[in-house]
Amino acid sequence: MEHLAEERGKPVGLFDSGVGGLTVLAAAVQLLPAEDFVYYGDTANAPYGEKTKEEVRTLSVRIADMLLNRGCKAIVVACNTATSAAVDLLREVLPVPVIGMEPAIKPALAGGGRVLVMATPLTLQEEKFRDLCRRYCPDGDKIAILPCPGLVELIERGETSGPEVDATLRKLFSAVDLTGVSSVVLGCTHYLFVRDALRRLLPPGTKIYDGNYGTVRQLQRVLEHNNLLRPERERSGNVEFLTSGGRPSLLLFRQLYRLACAKPVLP
Ligand code: DGL
């Protein structure tokens, strides 16, 4: 019993290439306020989406090991790209539960019309993503994809609105046919930071989906199932930020985390 209480008292680890996973962290803190969280942003190696699968696997295993050494009881891969490239491997090698991201294609398709998935080049080329598309849309006719090189770098600099963001999004959208598109799926955790800019650019009524709530609900289920959920209802947990990018990244993390927390993240 004592052992279980000790396990439950450990933190949950989350990681991303940089600031994107802060949007997942904000949702996790909202859903599970009693838990402690350790967030690692690999800003020195961002973006992941333009690296090879092998590079992202190596970085992911290294970070997960570090989070384990800090005593994490579960790991959330708060990055679609690292999930696509490495979640299976992490599940094989880690002794704790691993929760990944999934682009919210299923709920978006349920809304009818065509769905546009915005994600990093690596996520979109991975088998995991293709499998997901085949599962929910075997003919492929309802799903369009938009790789967004450059967008993560902008957000990593703290740019979440303004002329540069609008110009980058406009340029990306000029490459895609939006006819019949009634929803957009954010298949990268960074993109939630430019959701308002996207809303202004997309035709009115276009719905925007992300996978954050699904992921943190899955975290809650997995912790419950493994008897790892902190029982205290009144407690407010701690959040610790770690980064490979030094102090400037930490300052940006705090600023963007506040921004992520200010948006309604849970339905
Ligand atoms: N937040 C990561 C994702 O969800 C960004 C990937 C990158 O660093 O390019 O895919």
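To be clear, the structure that these remarks concern was listed above.
Considering soluble globular proteins, one finds that nonpolar side chains tend to be buried as a cluster. Counting residues in hydrophobic clusters, the biggest one holds 55 residues, and the most contacted among them are Leu 22, Met 118 and Leu 219. The element contributing the most residues to this core is helix α2 (residues 22–31), with 7 residues. Residues contacting Leu 22, with those up to four places away along its chain left out, are Tyr 39, Phe 193, Phe 241, Phe 253, Leu 256, Tyr 257 and Ala 260. Val 38, Leu 67, Leu 94 and Val 98 belong to the second-largest nonpolar core, a separate cluster that totals 23 residues.

A few words now on α2. Counted residue by residue, α2 has 8 buried out of 10 residues, so it is predominantly covered. Restricting attention to buried positions, one finds in α2 the residues Leu 22, Thr 23, Val 24, Leu 25, Ala 26, Ala 27, Ala 28 and Leu 31. The elements touched by buried residues of α2 are β1 (12–16), β2 (37–41), β3 (74–77), α11 (212–225), β9 (239–243) and α12 (247–262).

This brings us to the state of the cysteines. One pass over the full model with this rule turns up 0 disulfides. In this structure Cys 72 is not part of a disulfide, and its nearest cysteine sulfur, from Cys 79, lies 17 Å away. Residue classification places Cys 72 among the buried positions, given a relative accessible area of 4%. Cys 188 takes part in no disulfide bond, and the closest cysteine sulfur, belonging to Cys 79, lies 6.7 Å away. For Cys 188, a relative accessible area of 6% puts it in the buried group.

In terms of strand pairing, strand β7 (residues 181–186) meets strand β8 (residues 207–210) through 4 bridges, oriented parallel. Counterpart to Val 184 in the pairing with β8 is Ile 208. Considered for its hand, the β-α-β crossover made up of β7, helix α10 (residues 195–201) and β8 is right-handed.

Moving on, we get to the side chain of Glu 156. Topologically, Glu 156 is positioned in helix α8 (residues 151–156). Buried Glu 156, no salt bridge; nearest opposite-charge side chain is Arg 157, N-O distance 10 Å. From its side chain, Glu 156 meets the backbone nitrogen of Val 19 in a polar contact 2.7 Å long. Polar contacts involving the side chain of Glu 156 include one to the side chain of His 190, which spans 2.6 Å. Setting aside residues no more than four positions away along its own chain, Glu 156 makes contact with Gly 18, Val 19, Gly 20, Thr 43, Ala 46, His 190 and Leu 252.

The local shell around the ligand holds 13 residues, among which Ser 17, Tyr 48, Gly 49, Thr 81 and Thr 189 are the closest. A distance of 2.8 Å separates a nitrogen atom of the ligand from a polar side-chain atom of Asp 16. Of the residues that constitute the shell around the ligand, the class distribution is 5 nonpolar, 7 polar and 1 charged.

With their axes 9 Å apart at the nearest point, α2 and α11 run at an angle of 50° to one another. In terms of orientation, α2 lies oblique with respect to α11. Note on packing geometry: the crossing formed by α2 with α11 is right-handed. Residue-level contacts link Thr 23, Val 24, Ala 27, Ala 28 and Leu 31 of α2 to Asn 212, Thr 215, Val 216, Arg 217, Leu 219 and Gln 220 of α11. For the contact of α2 with α11, the class distribution of residues is 6 nonpolar, 4 polar and 1 charged.

Turning our attention to unusual backbone geometry. Here the amide bond leading from Ala 46 into Pro 47 is cis, since omega sits at 0°, within 30 degrees of zero. Tracing the backbone shows Pro 47 in the loop between β2 and α3 (53–69). Although it is not a glycine, Asn 227 adopts a positive phi angle of roughly 60°. For Asn 227, the location among the structural elements is in the loop between α11 and β9. Since its relative accessible area comes to 40%, Asn 227 is described here as partly exposed.

What counts, and where the lines are drawn
Residues numbered from 1 in each chain as written. Predicted model: local features only at pLDDT ≥ 70, side-chain atom pairs only at ≥ 80, totals over all residues. Heavy atoms only, no water. Core = buried A, V, L, I, M, F, W, Y, C linked by side-chain atoms within 4.5 Å. Buried < 20%, exposed > 50% of the residue type's maximum accessible area, 1.4 Å probe, protein only. Helix = DSSP H or I, 4+ residues; strand = E, 2+ residues; numbered from the N terminus. Contact = heavy atoms within 4.5 Å. Disulfide = S-S within 2.5 Å. Pairing = 2+ DSSP bridges. Right-handed = clockwise from strand over helix to strand, strands pointing away. Lys, Arg positive; Asp, Glu negative; His and termini not counted. Salt bridge = Lys/Arg side-chain N within 4 Å of Asp/Glu carboxyl O. Polar contact = N/O pair within 3.5 Å; in protein donor to acceptor, adjacent residues only side chain to side chain. Near = heavy atom within 4 Å. Nonpolar A, V, L, I, M, F, W, Y, C, P; charged D, E, K, R; others polar. Axes fitted to C-alpha atoms, helices over the stretch in contact; angles between N-to-C directions. Parallel < 35°, antiparallel > 145°, perpendicular 65-115°, else oblique. Left-handed = near helix turned anticlockwise from the far one by under 90°.

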